[in-house]
Amino acid sequence: MTARIAGQLAIVTGASSGIGEAIARRLGSEGTNLVLWARRGERLACLAEEIADQSGVSVDTGVVDVRDREAVQGEAARLMSELGTPDILVNNAGLAAGMAPVHDADVDDWDRMIDTNVKGLLHVTRAFLPAMVERDSGQVVNIGSITGRQVYPGSTVYAASKYAVQAITEGTNLDLLGTGVRVSGVHPGLVETEFSLVRFKGDEDRAGAVYKGIEPLTGADVADVVSYVLNAPPRINVADVVVFAKAQGSVHHILRDEG
Ligand SMILES: NC(=O)c1ccc[n+]([C@@H]2O[C@H](COP(=O)([O-])OP(=O)(O)OC[C@H]3O[C@@H](n4cnc5c(N)ncnc54)[C@H](OP(=O)(O)O)[C@@H]3O)[C@@H](O)[C@H]2O)c1
């Protein structure tokens, strides 16, 4: 069966690894033309070539730091003048930095998280949403986190940034009532990606321990959910989805096989 989103144009931020890369692959396999953004241009170029070869869709890339409002606006304007208004925006770029308690944390880590996860998501949304509203159609998927619902020790500012994503998703949906534009939040639990390696600044042992003894979600699992959300008929908005590995019950309940 042809996917409902075949032939549409999707922009995916944070497409150079993990969940964003998996979403790009999944949407490409469904016939969606793509624009992929991240800071690591070489990775994006390789991925774009692979997806275009495999799926025959067009894949454009942009080396964009979502924290840089002017760069986001400039690149968005370039691509809309060349390719038109995107049908789909997946706000996925994001990170956690460190796990120190608030009284001991590196304030630069806070800036990185808030500037990327909150302000970056807002910059990208603000760059594309007016054109979607004017056309009266479009879908935005914000990748939040279960940490936007439940805080665990060492996650205070990361959680705050993801609680903000939750508020932005809900609020934008309210703002868009009466238009043809839908906004959805997808909130994963533990997913094995480069997330923990980034959080622990390249410490592979610490990063590996996060996923030890459980079968975590993969980026492809989250991409399946995003595909479901995006392929829903226009009369339906899948507003909010939480997705866990079976071994996870909450941020505090993770069943690990200690054997
Ligand atoms: N993994 C999990 O357990 C988990 C759980 C819940 C939610 N999430 C969320 O899922 C999203 C994707 O994370 P992931 O797990 O796939 O981690 P990842 O493998 O580290 O991927 C993060 C992506 O975000 C991009 N990115 C980071 N900062 C950026 C910036 N300033 N400008 C542009 N792109 C930027 C990275 O690309 P460059 O470095 O090339 O820029 C990369 O493509 C994040 O929002 C994260 O909070 C992850």
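Our structure is the block above this text.
Residues numbered from 1 in each chain as written. Predicted model: local features only at pLDDT ≥ 70, side-chain atom pairs only at ≥ 80, totals over all residues. Heavy atoms only, no water.

**Remarks on helix H2 (residues 41-55)**
Turning to step 1, where the next piece is worked out: Taking 1.5 Å of rise per residue, the 15 residues of H2 would be expected to cover 21 Å, and the 21 Å separating its terminal C-alpha atoms lies within 8% of that figure.
Turning to step 2, where the next piece is worked out: Buried within H2 we find Leu44, Leu47, Ala48 and Ile51. Taken around the axis of H2, the buried residues stretch over an arc of 105°, which confines them to a single face. Along H2, the residues that are exposed and aim more than 90 degrees away from the buried face are Glu42, Cys46, Glu49 and Asp53.
Turning to step 3, where the next piece is worked out: Buried residues in H2 make contact with helix H1 (18-29), strand E2 (33-38) and strand E3 (59-63). (Helix = DSSP H or I, 4+ residues; strand = E, 2+ residues; numbered from the N terminus. Expected span 1.5 Å × (residues − 1). Buried < 20%, exposed > 50% of the residue type's maximum accessible area, 1.4 Å probe, protein only. Arc of directions from axis to C-beta. Contact = heavy atoms within 4.5 Å.)

**Topic: the environment of Ser29**
Turning to step 1, where the next piece is worked out: As for its position among the elements, Ser29 is in helix H1.
Turning to step 2, where the next piece is worked out: Sequence-wise, Ser29 and Gly18 are eleven residues apart; in three dimensions their C-alpha atoms are separated by 17 Å.
Turning to step 3, where the next piece is worked out: Here the side chain of Ser29 touches Arg26 through a polar contact of 2.7 Å, landing on its backbone oxygen. (Polar contact = N/O pair within 3.5 Å; in protein donor to acceptor, adjacent residues only side chain to side chain.)

**Structural notes on the packing of aromatic side chains**
Given two aromatic rings, one states the distance between the centres and the angle between the planes to describe the pair.
Turning to step 1, where the next piece is worked out: Counted according to the given criterion, the structure contains two aromatic pairs.
Turning to step 2, where the next piece is worked out: Judged by centre distance (5.7 Å) and plane angle (45°), the rings of Trp37 and Phe128 are tilted. With Trp37 in strand E2 and Phe128 in helix H4 (residues 107-135), this residue pair connects regions lying 91 residues apart in the sequence. Here Trp37 and Phe128 have matching classes, each one buried.
Turning to step 3, where the next piece is worked out: Relative to Phe195, the ring of Tyr158 has its centre 5.5 Å away and its plane inclined at 55°; by these criteria the two rings are tilted. In this pair, Tyr158 is assigned in helix H5 (residues 156-175) and Phe195 in helix H6 (residues 195-199), connecting sequence segments 37 residues apart.
Turning to step 4, where the next piece is worked out: Residue classification places Phe195 among the partly exposed residues on the basis of a relative accessible area of 26%. (Phe/Tyr/Trp six-rings, centres within 6.5 Å; stacked < 30°, edge-to-face > 60°.)

**Section: the sheet that holds strand E1 (residues 9-13)**
Turning to step 1, where the next piece is worked out: Spatial ordering of the open sheet is given by E3-E2-E1-E4-E5-E6-E7, a layout of seven strands whose pairing is parallel. Edge positions in the sheet fall to E3 and strand E7 (240-243), since each of these pairs with one other strand and no more. Each neighbouring strand pair of the sheet contributes to a mean axis angle of 15°, computed without reference to strand direction.
Turning to step 2, where the next piece is worked out: The pairing of E1 with strand E4 (residues 88-91) spans three bridges and is classified as parallel. Of the residues in E4, the one forming a bridge with Ile11 is Leu89. (Pairing = 2+ DSSP bridges. Axes fitted to C-alpha atoms, helices over the stretch in contact; angles between N-to-C directions.)

**Structural notes on the nonpolar core**
Turning to step 1, where the next piece is worked out: Membership of the largest hydrophobic core comes to 35 residues, with the highest contact counts inside it found for Ile23, Leu27, Leu36, Val141, Val186 and Val226.
Turning to step 2, where the next piece is worked out: Going through the elements one at a time, E1, H1, E2, H2, E4, strand E5 (138-143), helix H8 (219-230) and E7 are the ones with two or more residues in this core.
Turning to step 3, where the next piece is worked out: Of all the elements, H8 adds the most residues to this core, at six residues.
Turning to step 4, where the next piece is worked out: In contact with Ile23, other than residues within four places in its own chain, are Val12, Val90, Ile143, Ala223 and Val226. (Core = buried A, V, L, I, M, F, W, Y, C linked by side-chain atoms within 4.5 Å.)

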